[in-house]
Structure formats: structure tokens, C-alpha cells
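Notes for the structure review
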Amino acid sequence: MNTTQNLCKTLLQNPSSVKSKSQAKQLHAQILRTSLPSPSLLSTILSIYSNLNLLHDSLLIFNSLPSPPTTLAWKSIIRCYTSHGLFLHSLSFFIQMLASGKYPDHNVFPSVLKSCTLMKDLRFGESVHGCIIRLGMGFDLYTCNALMNMYSKFWSLEEGGVQRFCDSKMLGGIPEPREIGKCSNSHDLPCELDERVAGIDQNGDLNQMSNILYQVNTYKKVFDEGKTSDVYSKKEKESYYLGSLRKVFEMMPKRDIVSWNTVISGNAQNGMHEDALMMVREMGNADLRPDSFTLSSVLPIFAEYVNLLKGKEIHGYAIRNGYDADVFIGSSLIDMYAKCTRVDDSCRVFYMLPQHDGISWNSIIAGCVQNGMFDEGLKFFQQMLIAKIKPNHVSFSSIMPACAHLTTLHLGKQLHGYIIRSRFDGNVFIASALVDMYAKCGNIRTARWIFDKMELYDMVSWTAMIMGYALHGHAYDAISLFKRMEVEGVKPNYVAFMAVLTACSHAGLVDEAWKYFNSMTQDYRIIPGLEHYAAVADLLGRVGRLEEAYEFISDMHIEPTGSVWSTLLAACRVHKNIELAEKVSKKLFTVDPQNIGAYVLLSNIYSAAGRWKDARKLRIAMRDKGMKKKPACSWIEIKNKVHAFVAGDKSHPYYDRINEALKVLLEQMEREGYVLDTTEVLHDVEEEQKRYLLCSHSERLAITFGIISTPAGTTIRVTKNLRVCVDCHTATKFISKIVGREIVVRDNSRFHHFKDGKCSCGDFW
DNA sequence: ATAGGGTTAG
């Protein structure tokens, strides 16, 4: 007897005191040296390896054990598989353990239930629950906590989807529904199980095993009469899972903080916010104080309700209890402040955190982007890469809208490359964001190409594509996609109707627009919002039904904003209706007296009609109010460089060449039949001067620059910041015909495709 | 055994 042996003995009596891999190896070696270890001694070593999460070492021992393995050996290997994410193996070993005649005890169920939960295998999980009840483990604290976790996760699963792992490509094939209750009253495991399981390969079809276990453990009859869970409605599912969760919770003889946190987070994540908050209070009555887990379950509720006051209260509580350095709490706080539009506070919380993980980076990036701070979002994304945190699918879907809004196609393409290399291109969120980005950057064909390659569509991906077509004036493509979406059983929402109505308005489809507007309110019971009204009003204005548009806006059930009246005012300009324009402006100035655009528009309308006095009066009024119009500007991106032009701009280094080319172009255009429409010129000047003003429009400068600096045949993409200008529109059609190229002009988020002398919008701007 | 982040918006 020496000290080493004594040490070994103490360690073996208290296996959890072995804290490192090297210590465990030493102990193992020592035992092998002194004697031929017994199976139980080896099992103890195995449990030590398994506690340290050493799967490989655990398996080496397990495979060397004489058969049958001990309960401890089974338990250890099952736990180790689960914590390595090898759920199929874990469950397979659990079945084999039952088959070998060993009874599972209370500390094997948490691992098994975790595997069922993460594999989303509802049926297996419920069978295990049956097994637990039968073995009298229904009162074990840890087991019950794991059960509640399982039900809360199943409850959160997407609608239409109690998704079984065997539905996935991994195993293929959906099992036939089996009969329930073959060996109902037996308290013994049926002996034929042994033989049946023996034939199953370890890596094999758990589906088959699942069915065996399912038939064996039928104490808990879940759903009635062979109806599988997949056909249950959301409501039924909710009441069922909530019921199971609460039943387990209520039956527990003793509840700890984990039990409370599990039931609180389950309710919180499934929209039962009031219940969740009530339970936090109840928890206090049970003498348990909310911990960091409780807080990060509750914070998202206040983020969703945009309740800054309550959110701050929680922040205070977190600081007082020393939880403010916790990354979980930090991410929730960043998100909460961002949802309350307090991005500055989000940043403060972010910088206060001692370290950042992927999720806290994602939270701050999403916080910036969702609040329109795109450059800041991109900056954080860059810093994340510098910090060597690998962006995941959430990072990409958060950052992509920044590229879409900034129309930085080159950045979007770079990210797309990164996405493909990281194998995230199959993700619905990312694919939808990509569709949107390409559409907003003017590449509608690439957007469609990505859309067609998607394997699965949700409402957002349909909407992104429909909106893309709407913005590009491809109304019939938009409408046919909308119909396809409805046929495929996807229910359009508020945004989807915005998209289809925008498409109608862009192409002047009045009847279709009414059809969808009525379908929205009547079939889908969606209350029309400002955007829907704006789209319809805009449409009526575009096609010249101005009075009707005026009535429509006046009859809205919500107060029309300045922007709704503005669209009508713009239409009044196009259709040259001065009386109505004055009436509309009056309304506009009352709701939005600071609207510079309204003054400019009305003044332009007066100018176009030759009422220079009225126009001047308005300009003077603007000047007196200190309002200054920003000069309209157009820009074109060539070789990743942005070239901007304002009307009459001579500062571009190639100005002379541009001017030269423009002159030649104009001559050709006039030979083709183009006539300058000088009535649209807004200044009281000579005809020749008008001509000059029109031809030096920023848009024409930008297009001409595109023609001289890109190879023949390339599409020219220009972004302009002008209000609708009839002459520009006509001119661009001529230019497209002469140079034989497609010209894409983006104006106020709307794209016009000019080709062969025609425009995609059919002149319903 | 329990917790945090994501796509569409004239």
C-alpha cells in the first residue's frame, strides 16, 4: 500500500474530483499497471472520461468492456454522445441499453431527452416520457426539467412542422403511422425487443428504432386515434404542448431555479408574455430570485413590446446583481435598446461587455441595420471579421439589407461570394435577403436566378421577389408570382399586399389593384395601412384619375400623411391639373408644413403653366421660411467608383467629352423624331436657354458618361434623385434605341428599364 | 437540466 494507491482509491470513490484529462489518464494508467481491472472499475474510469467530455477515450473503454456493459457504462456513453451533438448515436445506445435488459435510471434521461429535443423527434421524446413515468422517474428534478425543456422546444417549432429528423435528407422517407398501444399493460420490456434491436446497425435507421421504442412505451397516449401531430393546427399544438409543460411543472415535488426558468422561457418564446411575467413574480414567492437566465428570457418580451422603461428596469436589476458583464444579458440588452430605437445605448452596452461572441456581434450589427444606420452596421461587421469571429447565417442575413439600402452591389457580391464559400446559400433568410439586395441594386435577373434556385419559399422570400418585380415595373411577373404564392398555400401578409399593389401602381393596372385591395381587406382581414392607401392613390394619380384619387385619400380611415398627398401632387403635375394641385397643396401644407418637396412641386406646376408670378411667390415664401431645396443629382457606378452629376455640372474631369457626346446624341435623337418638351422647364428664360437647361440634366450627363466609359452592349445603370420628368423619360427611350443598350434608371426606389426605345413601366410613372 | 441574435416595407 503506497500513497499512489491511496490517491487512486480516493479519486475512484469520488470520480467527479478528477478535473483534467491528464489526471484521468494517469489514474487509468495506474489502474492498468497494478491489476486487471474489473468491469465496474473500468466503468468508473469510463464515467470519468465521459464527465470530461472525452468521447474517444470513453469509447475505447466501452468497446473493451465484456458484454453486457454495466448501467454506468451505458449512461456515460449516452451522455458523452449527447454532449458531442451525436444525438442519433446517443439514442441508438439508449435503445441498445434497454434491449440489453438494463433499466435506465434518473441521470440518463436528461441526456436522452436533450437528444430527442435537438433532433426534433417528437414521437421518440413522448415515448421516452412514457418510459419515465413507467419507471417512476416522473418526480426527478433533472428529468422533469429536461422534459419541460423538450415540450417548450416542440411548442416553438414552426407551424406545419413537428419536424422529425427522419423527414430530413439524412435518413429520407417518412415512416408510416404505426398503431399505438401494442403492449399496453406490460411492465416488463418485451423479450423480442432484444432480437429486433440486435439487427440494427449502430449508425443505422433510428427511424426503425424509434418505432420499436414507440411500440414498447405506450403508456402516454398522446394524440387520439392515430392522428399524427403534423396535422394538428397551431392552436391545438399550443394547447397540447403548453398543457404537457404545465402538467410536468405542476407535478414536480420540488422546483429549482432551472425549473422556473424553463417554464418562463417556454411561455415567453411562444408569445405567452403575460404568463411568463406572472411566473417571474410567482417565482419570487417561492423565494427564488431571477438570475441571468430569467432576465434573458424576459428581456426579449420588452424588446418586442418596445417598452424601454421596463427594459431599463431589467438593465438596472442586472447591474445591481452583477449580471451586466454576461454576454447573454448583453446581447438581449443590445437587442432591446435597438428595438426601442436607442442604438446609442446598444453600442454602450456592447462596448461595456468584457468579451464578444458571435451573437453579441450579430445583435449590434442587426441593431444598426434595422435602424437605418447602414454604414455603422458595415463597420461592426468588418470589426467582427477583424476580431476573428466567423460570421454565421444570422450575421449575413442581418448585414445584407445594408448593401440593399446603400445599393452597394460590389459589396453585396463580395458577401454573396463569402456566403457561397461558407455554404450558407441554402438558408431561406439569406436567400431572401440576397433576392432583395440584387433587386434593389438593379439586377432583377440575378434576383430571379437566386429565387429560382431556392428549395423552399416562405412568405418573406415570395414578398422579396414580388417587391423586386414591382420596383422594376414588371407588374405581370409580380402578379403571377403573387398568384403562385396563394396557390401554394402561403398566406400573404401586410407587406406582401404592399408589394403587389406597388406593382399594380407602377404599371397602371387599376382593376387588378382594386381586386387585391378588396381581397386584402375581405379575404385576409388585413386592415389597410398608409402604404396600401398610398399605392392605390398613387396609381389613380398616375393613370390620370385625379379626382377619384382625391376622394379616395379623403375617405381613408386613417389620417393621410404628407407623403400620400405628395404622390397626388406629383400626379397633378404630370397631368397638368392646376386647380386640384392647389387644393392638394393646401391639405399638404396643413399636415406637413415643412415639406420642401411640396413647395417645389407646386412652384414647378405654376412654372410649367407659365404662371411665373405664382411660382416666384412660392420660392420667396420658401426662402423666408429658411427652406432650401437640395439640388437634384444623379450618379452612376462604374468600376466600383461612383460618379455624381448635378444639373449643368461641369466639374467632372471628362466634362468636355461628355458634352461632346451629348451633342452628337441629341442630334441623332432629333433625327429619330425626338422633340424637346420645353414646357417642363421651370425657369422663365429664353427658348435657347431652356434647351440648354433640359439637355444638361444630371440624368443625361450620367447616362452619357456611362455610354462613353463602358464597352458597347453593357447595361447602363443610373440612379437619379429627380422627381418625375416627362422629357427625361422620353429622351432616355430614344437614347436606348440609338445606342442599342439597356438603360436602367433608378428613381426613388423605382427602376425603369429602357430598351429599344421602350420603357418597362409603359409610361405610367 | 435552463438563456441571447436573422430575411420582405411607395
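In the annotation of an unreviewed UniProt entry, chain A is listed under the name Putative pentatricopeptide repeat-containing protein and assigned to Vitis vinifera. A UniProt comment under Sequence similarities (unreviewed entry) is attached to chain A, and it reads "Belongs to the PPR family. PCMP-H subfamily."

**Section: the environment of T732**
Position of T732 among the secondary structure elements: in helix α38 (residues 726–739). Once residues within four sequence positions are removed from consideration, T732 is found in contact with E699, I703, I743, V745 and F754.

**Some words on the protein's contact with DNA strand B**
With respect to spatial proximity, 49 residues lie near DNA strand B, and among them K153, Q269, N362, K440 and T502 are the closest. When atoms of DNA strand B within 4 Å of the protein are split into backbone and base, the sugar-phosphate part holds 46%. Interatomic distance of 2.9 Å between a side-chain N/O atom of N261 and a base oxygen of DNA strand B. With respect to DNA strand B, the side chain of S296 contributes an N or O atom lying 3.0 Å from a base nitrogen. Examining the composition of the surface near DNA strand B, we find that six residues originate from one element, helix α17 (residues 327–339), more than from any other.

**Some details on the environment of L509**
Following the sequence through the fold, L509 ends up in the loop between α27 (494–507) and α28 (510–522). When the C-alpha atoms of L509 and R616 are compared, they prove to be 37 Å apart, with 107 residues separating the residues in sequence. Dropping the residues within four chain positions of it, L509 is found in contact with A475, Y476, I479, C504 and L539.

**Comments concerning the sheet that holds strand β3 (residues 716–720)**
If you trace the six strands from one edge of the open sheet to the other, you get β2-β1-β3-β4-β5-β6, paired in mixed fashion. Of all the strands in the sheet, just β2 (641–646) and β6 (758–759) have a single pairing partner and so form its edges. With two bridges connecting them, strand β5 (residues 750–755) and β6 associate as antiparallel partners. For F754, the partnering residue across the bridge sits in β6 and is C759.

**Some details on helix α6 (residues 87–99)**
Compared with the 18 Å implied by 1.5 Å per residue over 13 residues, the 18 Å span of α6 between its first and last C-alpha is a close match. Burial analysis of α6 places twelve of its 13 residues in the buried class, which makes it a mostly covered element. Residues F87, L88, H89, S90, L91, S92, F93, F94, I95, M97, L98 and A99 constitute the buried set of α6. The positive-phi residue at the C-terminal boundary of α6 is G101, with phi of around 90°.

What counts and what doesn't
- Residues numbered from 1 in each chain as written.
- Chains lettered and ligands numbered in written order.
- Predicted model: local features only at pLDDT ≥ 70, side-chain atom pairs only at ≥ 80, totals over all residues.
- Heavy atoms only, no water.
- UniProt positions renumbered as here; feature names shortened; annotations may be inferred.
- Helix = DSSP H or I, 4+ residues; strand = E, 2+ residues; numbered from the N terminus.
- Contact = heavy atoms within 4.5 Å.
- Near = heavy atom within 4 Å.
- Polar contact = N/O pair within 3.5 Å; in protein donor to acceptor, adjacent residues only side chain to side chain.
- Pairing = 2+ DSSP bridges.
- Expected span 1.5 Å × (residues − 1).
- Buried < 20%, exposed > 50% of the residue type's maximum accessible area, 1.4 Å probe, protein only.

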